Amino acid sequence: MTTGPGLRERKKERTRQALISAALELFAQRGYDATTVADIAAGADVSTRTFFSYFPSKEEILFADTEERLALAFAVIDERRPGDGPVDVLLRAMTVVFERAEQFGQVFDRAVPVRIRLVFTVPSVQGMALRRLLSAQRRLADRLHAAFPDRLDRVEAAAVVGALVGAVVNTLLSLVESPEHAEDLLTGDPEPVLGHLRRAVDVAVRGIASS
């Protein structure tokens, strides 16, 4: 019989979520640079030492879901089905990530508008986001190449991953710049945003398939 997480794991997850929620609220109210680790810990009613047992820095808490999303994508690639091609598994990985965002809608609602606002207004956060994006693309491309060594060389794997990730990133940028959609993005309404991202991935996949 499969059992759920134990009491200790549930308490740890509640503390983690409390830290993320406190950080997002403080970043939105005070700004990224004006918010200290001590502020975040106090907002979650824990010690600074406890903060560092969950996150090594403010940067990590701002991008707390990055590694989780990558882990989901890696799992889909590693568990590919007979007959799958590289684009098939990448598309499925994107779908799983989008479904995860919907499942944890409250965190997605809060994180996306705060993160986007900071990326566009705080140079240090913009630099963090770019470094993480490039790292994620490289790691995804390496995983895809390892999964399909006879189908893709490293350059081709990087190109396929870049096309899909680029579609998502450029769509987000387009939404931010569009008065029609910026309010949904910045106020944290996830449904329209996820719908646009899915459409962007579909368009990118059709382009890759036809090339």
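Remember, predicted model here, so these are calculated numbers, not experimental data. (Residues numbered from 1 in each chain as written. Predicted model: local features only at pLDDT ≥ 70, side-chain atom pairs only at ≥ 80, totals over all residues. Heavy atoms only, no water.)

Structural notes on the overall build of the protein chain
Logical step 1: Broken down by element type, the protein chain carries 11 helices and zero strands.
Logical step 2: Every one of the 211 residues in the protein chain was classed for burial, and the buried ones make up 41%.
Logical step 3: Once local pairs closer than 6 in sequence are excluded, the contacts in the protein chain between residues at least 24 apart make up 67%.
Logical step 4: By element, 54% of the accessible surface of the protein chain is carried by carbon and sulfur atoms, the whole surface being about 12000 Å². (Helix = DSSP H or I, 4+ residues; strand = E, 2+ residues; numbered from the N terminus. Buried < 20%, exposed > 50% of the residue type's maximum accessible area, 1.4 Å probe, protein only. Contact = heavy atoms within 4.5 Å. Areas by Shrake-Rupley, 256 points an atom, 1.4 Å probe, with all protein chains shown as cover.)

So, the packing of aromatic side chains
The geometry of an aromatic ring pair is captured by the separation of the ring centres together with the interplanar angle, meaning the angle of the planes.
Logical step 1: All told, the structure shown has three aromatic pairs when counted by the stated rule.
Logical step 2: On the numbers, 5.3 Å between centres and 85° between planes, the contact of Phe51 with Phe52 is edge-to-face.
Logical step 3: Residue classification places Phe52 among the partly exposed positions, given a relative accessible area of 45%.
Logical step 4: An angle of 45° between the planes, with centres 6.0 Å apart, marks the rings of Phe51 and Phe55 as tilted. Phe55 shares its class with Phe51; the two are buried.
Logical step 5: These aromatic residues form a ring-pair network of at least three members: Phe51, Phe52 and Phe55.
Logical step 6: Over the ring of Tyr32 we find Lys58, and its NZ or CZ is 4.2 Å from the ring centre.
Logical step 7: Above the ring of Phe148, the side-chain terminus of Arg80 is found at 5.6 Å from the ring centroid. (Phe/Tyr/Trp six-rings, centres within 6.5 Å; stacked < 30°, edge-to-face > 60°. Lys NZ or Arg CZ within 6 Å of the ring centre and 35° of its normal.)

So, the confidence of the model for the protein chain
Logical step 1: Looking at the protein chain, the pLDDT average stands at 82 and 82% of residues meet or exceed 70.
Logical step 2: Ranking the helices and strands of the protein chain by mean pLDDT puts helix H2 (residues 37-43) first, with 97, and helix H10 (residues 179-187) last, with 56. (pLDDT = per-residue confidence, 0-100.)

Examining the packing of helix H5 (residues 66-78) against helix H8 (residues 123-147)
Logical step 1: Put simply, H5 and H8 touch, their axes get as near as 10 Å, and they point 15° apart. The angle between H5 and H8 falls in the class roughly parallel. Crossing of H5 over H8 shows right-handed handedness. Across the interface between the two elements, Thr66, Glu67, Leu70, Ala73, Phe74, Ile77 and Asp78 from H5 touch Arg132, Ala136, Arg139, Leu140, Arg143, Leu144 and Ala147 from H8.
Logical step 2: Its residues assigned to classes, the contact of H5 with H8 shows eight nonpolar, one polar and five charged. (Axes fitted to C-alpha atoms, helices over the stretch in contact; angles between N-to-C directions. Parallel < 35°, antiparallel > 145°, perpendicular 65-115°, else oblique. Left-handed = near helix turned anticlockwise from the far one by under 90°. Nonpolar A, V, L, I, M, F, W, Y, C, P; charged D, E, K, R; others polar.)

Re the pattern of salt bridges
Logical step 1: A complete count under the given rule lists eight salt bridges for this structure.
Logical step 2: Residues Asp84 and Arg92 are paired through a salt bridge, measuring 2.9 Å at the closest nitrogen-oxygen approach.
Logical step 3: Under the relative-accessibility criterion, Asp84 is labelled buried at 12%.
Logical step 4: Salt bridges linked by common partners bring Glu59, Glu60 and Arg132 together as one network. (Salt bridge = Lys/Arg side-chain N within 4 Å of Asp/Glu carboxyl O.)

Re the environment of Gly43
Logical step 1: Here Gly43 shows up in helix H2.
Logical step 2: A C-alpha to C-alpha distance of 8.2 Å links Gly43 and Ala18, two positions 25 residues apart in sequence.

Observations regarding the nonpolar core
Logical step 1: If you look at the biggest cluster of nonpolar residues, it comprises 31 residues, and the most contacted ones within it are Leu90, Met94, Leu140, Leu144, Val161, Leu164 and Val201.
Logical step 2: For this core, the secondary-structure elements that each account for two or more residues are H5, helix H6 (86-103), H8, helix H9 (154-177) and helix H11 (190-210).
Logical step 3: Per-element accounting of this core gives the leading share, seven residues, to H9.
Logical step 4: Setting aside residues no more than four positions away along its own chain, Leu90 makes contact with Ile77, Leu144, Val160, Val161 and Leu164.
Logical step 5: Listed in part, the 25 residues of the second largest apolar core include Ala111, Val114, Leu118 and Val122. (Core = buried A, V, L, I, M, F, W, Y, C linked by side-chain atoms within 4.5 Å.)

A few points about the side chain of Arg132
Logical step 1: When you line up the elements, Arg132 lands in helix H8.
Logical step 2: The class for Arg132 is buried, based on a relative accessible area of 14%.
Logical step 3: Setting aside its immediate chain neighbours within four residues, Arg132 contacts Glu59, Glu60, Phe63 and Thr66.

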